[in-house]
Amino acid sequence: MKIVVGIDGSAESTDALRFAAAEAGATGADLLAVTVWEVSTHSARYLSQEHVDDAMIPWMGEFIDEVLGAKGADVTKLAASGSAGGALLDAAADADQLVVGSRGLNRLQRTVLGSVSRQLASHTPCPLTVIPPADVDGGVNDAGVAASGPVVVGIDGSANSMTALQWAAQRAVRTDSLLRVTMAWRGESAGWRPAPEFSDVLPADQVLEAQAQEMLDEAIQAAALPDSLRLETLLHEGSPKHALDEAAQGASMLVLGTRGHGGFMGLLLGSVTSHTLDHLRCPTTVVPAA
């Protein structure tokens, strides 16, 4: 196994490094720390890898040792130049998990992480975990461990959300956590309203709720979850955003798929995942399609 973590010296990347190191220790994974010297494409052409290494590797060693102590010796270091998002995606091409902080240093400080989390979420080749700011109650502690709450996963019946459900279940079993499976049955209003003559042929709320419950039950059954898993389901009337906000209260991790069904009952990458990444309540993992 291999875990990649982006670092840039910010408080958020400090927590990301701690979390990634704890994950690597718990799973036996190799840990690769990546820092990116973000420069223009033109400038990057004239920066040799030797120049980048000479400038960044000593700093990386000091930062990692300061954060992890003796455990820092087990971390492999990679310094890159160019686009932060591109460099992290390249490094994670063969990884099992990519970890970043929610925010990073500004452009004047030449390294940027966190600000690319939505770009990474759209293109990540492996599960992407984004760590919330240090001042969020649901963040990680000094040992890189999240709160001892449930693992929450949002599903909508799509194939990608089923992949997220499987990943969340595996994590819940590994961490001996409750798995809370959440589905929104009404969805977020898009502002469209039918003409009065169509209103009386729309399904009643009771029908929609029953259909959502059936979809949720079928998804749980199809997932063939481990017998040892402690499971809770939560059917929420309202938008997926509000459903996840509610379900993630006190969670140790929130898990989403990168793509879901569009429209009425959908978990949409553009709206739901962007909202979630902008309002982190706990470590949040975005799982790409299988």
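Anything mentioned here points back to the structure above.
Here the structure is a predicted model, which is why all the values come from computation and not from measurement. (Residues numbered from 1 in each chain as written. Predicted model: local features only at pLDDT ≥ 70, side-chain atom pairs only at ≥ 80, totals over all residues. Heavy atoms only, no water.)

Draft legend 1. Here's a closer look at the overall build of the protein chain. Across its full length, the protein chain carries ten helices and ten strands. Across the 290 residues of the protein chain, 51% fall into the buried class. Of all intrachain contacts in the protein chain linking residues separated by at least 6 positions in sequence, the fraction that spans at least 24 positions is 80%. As displayed, the protein chain has an accessible area near 13600 Å², and 51% of this comes from carbon and sulfur atoms. (Helix = DSSP H or I, 4+ residues; strand = E, 2+ residues; numbered from the N terminus. Buried < 20%, exposed > 50% of the residue type's maximum accessible area, 1.4 Å probe, protein only. Contact = heavy atoms within 4.5 Å. Areas by Shrake-Rupley, 256 points an atom, 1.4 Å probe, with all protein chains shown as cover.)

Draft legend 2. Representation of the environment of Asp142. Considering the arrangement of structural elements, one finds Asp142 in the loop between β5 (128–131) and β6 (151–154). For Asp142, a relative accessible area of 65% puts it in the exposed group. Here the alpha-carbon distance between Asp142 and Val67, two residues 75 residues apart in the chain, equals 9.0 Å.

Draft legend 3. Fine view of the nonpolar core. Residues Val5, Leu17, Leu31, Val153, Leu165, Leu179 and Val255 are the most contacted members of the largest nonpolar core, which totals 50 residues. Those residues in contact with Val255 that sit more than four places away from it in its chain are Val151, Val152, Val153, Gly154, Ala164, Trp167, Ala168, Thr285 and Val287. Ranked by size, the runner-up nonpolar core spans 23 residues in total, among them Ala80, Leu88, Leu98 and Leu120. (Core = buried A, V, L, I, M, F, W, Y, C linked by side-chain atoms within 4.5 Å.)

Draft legend 4. Representation of the sheet that holds strand β9 (residues 253–257) within the structure. Strand order in the open sheet made by the ten strands is β3-β2-β1-β4-β5-β10-β9-β6-β7-β8, with mixed pairing throughout. Among the strands making up the open sheet, the edge pair consists of β3 (75–81) and β8 (230–236). Here the average twist between neighbouring strands, direction ignored, is 20°. Along the sheet face, helix α1 (residues 11–27) touches β1 (2–6), β2 (30–37), β4 (97–101), β5 and β9 and points at about 170° away from the line of β1. The strands touched by helix α4 (residues 84–91) within the sheet are β1, β2, β3 and β4, with β2 carrying the most contacts at an inclination of about 160°. (Pairing = 2+ DSSP bridges. Axes fitted to C-alpha atoms, helices over the stretch in contact; angles between N-to-C directions.)

Draft legend 5. Spatial organisation of the packing of aromatic side chains. Counting across every chain of the model gives one aromatic pair. When the centroid spacing of 5.3 Å and the interplanar angle of 15° are considered together, the rings of Trp59 and Phe63 count as stacked. Separated by four residues within a single helix, Trp59 and Phe63 lie in helix α3 (residues 49–68), roughly one turn from each other. According to the relative accessible area criterion, Phe63 is buried, its value standing at 9%. (Phe/Tyr/Trp six-rings, centres within 6.5 Å; stacked < 30°, edge-to-face > 60°.)

Draft legend 6. Local environment of helix α9 (residues 240–247). In terms of residue burial, α9 counts as a mostly covered element, since six of its eight residues are buried. For α9, the set of buried residues is Pro240, Lys241, Ala243, Leu244, Asp245 and Ala247.

Draft legend 7. Summary view of the side chain of Gln97. The residue Gln97 is located in strand β4 in this model. We classify Gln97 as buried; its relative accessible area is 5%. Once residues within four sequence positions are removed from consideration, Gln97 is found in contact with Lys2, Ile3, Val4, Phe19, Glu23, Cys126, Pro127, Thr129 and Trp167.

Draft legend 8. View of the packing of α1 against α3. For the pair α1 and α3, the least separation of the axes is 10 Å and the interaxial angle reads 65°. Taken together, α1 and α3 sit at an angle that is classed as roughly perpendicular. The chirality of how α1 crosses α3 is right-handed. Facing Ser13, Thr14, Leu17, Arg18 and Ala21 of α1, the residues of α3 in contact are Phe63, Ile64, Val67 and Leu68. Taken together, the residues of the contact of α1 with α3 break down into six nonpolar, two polar and one charged. (Parallel < 35°, antiparallel > 145°, perpendicular 65-115°, else oblique. Left-handed = near helix turned anticlockwise from the far one by under 90°. Nonpolar A, V, L, I, M, F, W, Y, C, P; charged D, E, K, R; others polar.)

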